[in-house]
Amino acid sequence: MVTRILRALLHFSFVLASGTAIAQSGNVISNAAFTFRADRHGIADLARTGDVHPTAYIRKGRLFGDVTVRYVHDRKLDTTRAAINSKTHFLHNGKLLHTGLADSSKNVPLKINESFALDANSLTWNIHLLNNSSTPIRIEDLAIPLVYNSGGGENPKEIFEERVVKHHFISGNNSFLYWQRPTGLGPYLVLVPLPGTSLEYFSTNSTAPGDRGTFQAFIHSALTGNRETRGTWRQQHTAAFVPANDSLQYGFKFRWANDYRGIRDILEEEGLIDVQLMPGMSIPTDLDAMIALRTRQPIQQVQAEWGPSTTIQYLGEKQRGTHLYKIRFSRLGENKLTIHYGKGYKTYLEFFVTEPLETLYKKRSAFIVNSQQHKDSSKWYDGLFGVYDMKNAQLRGPDNPDYFDTSRLSYVLTCDDPGLCKAPFVAAKNVFYPDQKEIDALEYYIKNFVWGKLQRTDQETPYPYGVYGTPSWYVNRDTTRRRANTADRNRDKMHVWRSYDYPHIMMLYYHMYQLAKMYPGKTHYLDQRGYLERAKETAKAYFKYPYEILPWYETYKWGCYNELLLTDLMADLEKEGFKEDVAFLKSEWEKKVKYFLYDDPYPFRSEYAIDATAFESSHALAKYAMQNQLQPDSNLWYDKNLNKWYSHPVIKAEDAPRFMERQLQANLALRGVIEPAYYYLGSDFRGRSDSYTLSYMSQMGGWSILDYALHFSNDPADYIRMGYQAYLSSFALINSGTAASNYGFWYPGKENDGASGWAFEPQKYATPWIQKPQGRGPWFYDGEIDLGYGGATRAAATVVTNDPIFGLVAYGGTLTQPAGALAVVPRDGLRRKIYYRLGTQKTDIELLADGFAKDKPIRMEKGGKSVSFQLENRVARAHEVPLILAGFDGTVEIKAGVAKPIRKQISGRTTIPIPVSAAQLTPITIRKV
């Protein structure tokens, strides 16, 4: 489409007085920045002139400019649309380039005139509402449909090069939108309001012809917003008056940005506010938030929604035009800050305030065990961790299914990702904070629901260790029930082919192995050797059965959540002497590594055309390639779907870092990077008009951004910020609280304390993907979200860094500076890892057992010569703690309590076993000698 437009430009061109080259052929207009087709009432086929890929930003057959106005005149409600009643001009430096059709001759009281003015690097869109009557007109709605060219289909080149995803921040005068390709490759199309124009509402629920599912931003929303009485909205629904024989004017400006910094610069240049935050906008009560407002406008006030419960400290201008604030929230739930700036302008920053992260991890795990496990030996699903319905405070299951048994989502009740994610998260949490009741519940689940039911045993042939897929193992193990499932087109095959199921069970067994090893006597069903065996064989089955039985499940081509634990599993298998098994798993894993690096330019998909599920895996695969020497090969594996062999005769060192950068940019493209609202910032999304946010992919893919920042980036500040925002993001879905807050913001009541939503619905009221209409907020089923909380356990860390915007800070901790030292109290939730990123000083301290003592500082002498802390014994016996150090190259002396000091020469990342006594706290000192 765009190529066709660009060819047309060869027919005719001229230079205007300004010296800026404008090309025009009929109604196709272009300069060095923009190429577009001038439609009767707007612009169509918008593209970046000379772009590396011919990407169209507007949906085929639609346009930007077809605004909708609902108004009251003489007590009568009426509607007008630009496509019916408008006149549109296309100009450059005030000179007319093109005119759309004249407005209708119909004598209507309200008419719309629009103009699109092309400048050197911008395209300005003005909207005039003209009152042709002798009485005032009340504007009830002024809606701006933005029918962008969203992703879809199955053609990867079309998805990733020719289509775009949308980002939006609807927040008064500081509203903005931008569009980018799903690869993250620039440029990005940015839309900002002109001074005096603001946006207050958005919806995809229009009933106008052709607009169903279209994203509509509202300048005024009194009719649509107030008519929707269900759900909640955090901004006022306004109206406006057009005086008799007068007009109102609104406008927007389009500009191109090369990258995220470019977007931020445009916001500042156009009189908006570039907002930066740390550590995130889902913020626990025991951490401070900091905000930086970069603007050319004066800031009059930062106003708290709950004044007495919020402390706002102005820190001045660290850089000219950048105003810093420190915020401490104490009221749980939604907290809004209103920024008053400029000439009466306003914008809003929405935070969600949670209990401390450690409380959230423990409450969530306990809730799953206490409120979500079915225990009834007479039921086939005995032991199952089921989905929980917060709205009705009910545990759902096969005998209490709500609507799931009759919908396409029947699998949610017992299997697939929603059913299989809970036990692995509980196991992961118990690696850090063991609780006997929770460990017993996990073993009950494994014994009664998993082994010999959900998962085939080692004695069942064929396919030992196979994991049954949808709709449940109960159906799939019974021939009669299986035949009745007419939706299953592969009833002739054993249903153990779904690749995604295996890593969940592998993760469960692997963490149970860690539990049994760390805490002897706490597991009773199997010992550490037994759980390691199960983890190993499940991992091997993952690579064998799906591709053998139904190769459409692309085990080597799709990123499957939790599979990254294979590298940890292989390391432990190596230590335990399982060399042949390690060789097999390594061989299969490297097939996938090479596929992602070499065989697919866009390996960021799943069963769906565009998704965010792959980004945890894509980073882990890139990381493996960075840390391990891959070997050239010939005919490595045969693709049954494409009937071809994959060979990699040339392996270059630069290939892995190049892929790591590419997958990182694709990750960010499907994530809130700029948008300062707790349900966008750091969150994943699909880029569709009605996209939900804060799903499990927020924290899983967020881990990869933080890991990249800490271990691979030469300029990590922005990525630390983004990664930590993602880590914190989905904790806003956990319904928890104190007695004073009635135990939960979303669904109060002690019975829901520790429950969680599945994802977040940002619209006032809508029907999300799970087919349950609801208001703005978390979906009231928990579904897959515990995948995210499991991923969060991998990201949890305290990070001390000298941020170029905020200065010396601690992400996930509180920082003080006693004389000659840095003292950090870790509050990241798990208290196992601390990283220092202070210019050239990069220091890592990780504990593979126990933890840093609660509310006790980790003290580092400035310059990093020594570090001291209190170690919290979580085993209640004398034992050894593996301590990982990096950044201590040379000879170090480690002193643990009264034990004899350990002296060791280390280089790079080194693991040192540290003996600790049975005491609750042991003082540890690490000193460079």
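For the structure, see preceding data.
Residues numbered from 1 in each chain as written. Predicted model: local features only at pLDDT ≥ 70, side-chain atom pairs only at ≥ 80, totals over all residues. Heavy atoms only, no water.

(A) Quick peek at the overall build of the protein chain. For the protein chain, the count of helices and strands is 19 helices and 49 strands. Taking 30 Å as the expected radius of gyration for a compact globule of 929 residues, we find that the protein chain reaches 29 Å, a close match to that expectation. In terms of principal-axis extent, the alpha carbons of the protein chain reach across some 90 × 75 × 60 Å. A total of 929 residues make up the protein chain; the buried ones form 64% of that total. In the structure as shown, the protein chain presents an accessible area of about 33500 Å², 48% of it carried by carbon and sulfur atoms. When the 111 positive and 98 negative side-chain charges of the protein chain are each reduced to one mean point, those points stand 2 Å apart. (Helix = DSSP H or I, 4+ residues; strand = E, 2+ residues; numbered from the N terminus. Rg over C-alpha atoms; globule rule 2.2 N^0.38 Å. Buried < 20%, exposed > 50% of the residue type's maximum accessible area, 1.4 Å probe, protein only. Areas by Shrake-Rupley, 256 points an atom, 1.4 Å probe, with all protein chains shown as cover. Lys, Arg positive; Asp, Glu negative; His and termini not counted. Charge placed at Lys NZ, Arg CZ, Asp CG, Glu CD.)

(B) Summary view of the sheet that holds strand β10 (residues 110-118). The strand order across the open sheet formed by 8 strands is β9-β8-β10-β11-β19-β15-β14-β13, and the pairing between neighbours is mixed. Lying at the two open borders of the sheet, with one neighbouring strand each, are β9 (95-99) and β13 (165-169). For this sheet the average axis-to-axis angle between neighbouring strands, irrespective of direction, equals 20°. Note that strand β8 (residues 86-92) and β10 share 6 bridges and pair parallel. Bridge pairing in β10 links Thr88 to Glu114. (Pairing = 2+ DSSP bridges. Axes fitted to C-alpha atoms, helices over the stretch in contact; angles between N-to-C directions.)

(C) Region of interest: the pattern of salt bridges. Within this structure, the stated rule accounts for 71 salt bridges. Between Glu268 and Arg294 there is a salt bridge, with the nearest N and O atoms lying 3.8 Å from each other. Here the residue Glu268 occupies a position in helix α4 (residues 260-269), and Arg294 occupies one in strand β22 (residues 289-294), the gap between them amounting to 26 residues. Note on Glu268: relative accessible area 15%, which makes it buried. Accessibility expressed as a relative area gives 14% for Arg294, which makes it buried. With a closest N to O distance of 3.1 Å, Asp417 and Arg498 form a salt bridge. Pair noted here: Asp417 is in helix α6 (residues 416-420) and Arg498 is in the loop between α10 (479-484) and α11 (501-518), with a separation of 81 residues, a long-range link. Arg498 carries the same exposure label as Asp417, and that label is buried. Counted as one network, the salt bridges with shared partners bring together Arg261, Arg264, Asp265, Glu268, Asp274, Arg294 and Arg296. (Salt bridge = Lys/Arg side-chain N within 4 Å of Asp/Glu carboxyl O.)

(D) Here's a closer look at the packing of helix α15 (residues 615-627) against helix α17 (residues 696-711). The N-to-C vectors of α15 and α17 enclose an angle of 35°; their axes lie 7 Å apart at closest approach. Residues Phe615, Glu616, His619, Ala620 and Lys623 of α15 form the contact with α17, whose own contacting residues are Met700, Gly701, Trp703, Ser704, Asp707 and Tyr708. Broken down by class, the residue content of the contact of α15 with α17 amounts to 5 nonpolar, 3 polar and 3 charged. (Contact = heavy atoms within 4.5 Å. Nonpolar A, V, L, I, M, F, W, Y, C, P; charged D, E, K, R; others polar.)

(E) Structural view of the pairing of strand β2 (residues 21-25). Counting buried positions along β2 yields 4 of 5 residues, so the element is predominantly enclosed. Sheet topology note: the β2/strand β3 (residues 28-30) ladder contains 3 bridges and is antiparallel. Bridging across to β3, Gln24 finds its partner in Ile29.

(F) A look at α17. Over its 16 residues, α17 extends 23 Å from the first C-alpha to the last, a length consistent with the 22 Å expected when each residue adds 1.5 Å. By the criterion of burial, α17 is predominantly enclosed, with 15 of the 16 residues buried. (Expected span 1.5 Å × (residues − 1).)

(G) The side chain of Thr310, seen in detail. Position of Thr310 among the secondary structure elements: in strand β24 (residues 310-319). Among the polar contacts listed, one links the side chain of Thr310 to the backbone oxygen of Trp306, at a separation of 3.1 Å. Residues in contact with Thr310, not counting those within four places in the same chain, are Ala304, Ile327, Arg328, Phe329 and Asn335. (Polar contact = N/O pair within 3.5 Å; in protein donor to acceptor, adjacent residues only side chain to side chain.)

(H) Inspection of the packing of aromatic side chains at higher detail. This structure, assessed with the given rule, holds 75 aromatic pairs. It is Lys336 that lies over the ring of Tyr348; its NZ or CZ is 5.2 Å from the centre. Above the face of the Trp769 ring, Arg408 is positioned so that its terminal group lies 5.0 Å from the ring centre. (Phe/Tyr/Trp six-rings, centres within 6.5 Å; stacked < 30°, edge-to-face > 60°. Lys NZ or Arg CZ within 6 Å of the ring centre and 35° of its normal.)

(I) Structural detail: the packing of helix α7 (residues 422-432) against α11. Running from N to C, α7 and α11 point in directions that differ by 25°, and their axes come no closer than 8 Å. With respect to each other, α7 and α11 are oriented roughly parallel. The handedness of the crossing between α7 and α11 comes out as left-handed. Residues Ala423, Pro424, Ala427, Ala428, Asn430 and Val431 of α7 form the contact with α11, whose own contacting residues are His504, Met507, Leu508, His511, Met512, Gln514, Leu515 and Met518. Of the residues assigned to the contact of α7 with α11, the class counts are 10 nonpolar, 4 polar and no charged. (Parallel < 35°, antiparallel > 145°, perpendicular 65-115°, else oblique. Left-handed = near helix turned anticlockwise from the far one by under 90°.)

(J) Just the sheet that holds strand β21 (residues 282-284), in detail. Spatially, the 4 strands line up as an open sheet ordered β21-β27-β26-β23, and their pairing is mixed. Of all the strands in the sheet, the pair left with one neighbour each is β21 and β23 (299-304). In this sheet, neighbouring strand axes are inclined to one another by 30° on average, regardless of whether the strands run parallel or antiparallel. Inspection of the sheet shows strand β26 (residues 333-341) paired to strand β27 (residues 345-354) by 9 bridges, in the antiparallel sense. Its bridge partner being in β27, Gly333 is matched across the sheet by Val353.

(K) Layout of the state of the cysteines. Going through the model one piece at a time under the given rule, you end up with 0 disulfides. The cysteine Cys415 is free of any disulfide, with Cys421 supplying the nearest cysteine sulfur at 12 Å. (Disulfide = S-S within 2.5 Å.)

(L) Spotlight on the pairing of β26. Counted residue by residue, β26 has 8 buried out of 9 residues, so it is predominantly covered. The sheet contact formed by β23 and β26 spans 5 bridges and is antiparallel. Each bridged residue has a counterpart across the sheet, and for Ala304 the counterpart in β26 is Leu337. Linking β26 to β27, which pair antiparallel, is a turn of 3 residues; within it Gly342 sits at a positive phi near 60°.

(M) Summary view of the environment of Glu574. Note that Glu574 resides in helix α13 (residues 566-576). Among residues more than four places away in sequence, those in contact with Glu574 are Lys579 and Val582.

(N) Seen up close, unusual backbone geometry. Here the amide bond leading from Gly186 into Pro187 is cis, since omega sits at 10°, within 30 degrees of zero. Relative to the elements of secondary structure, Pro187 occurs in the loop between β14 (176-180) and β15 (188-193). Omega for the peptide link from Thr461 to Pro462 comes to -5°, which places this bond in the cis form.

(O) Region of interest: the side chain of Ser695. Assignment of secondary structure puts Ser695 in the loop between α16 (655-669) and α17. Excluding residues that lie within four positions of it along the chain, Ser695 makes contacts with Asp684, Arg686, Ser730, Trp758, Ala759 and Ile785.

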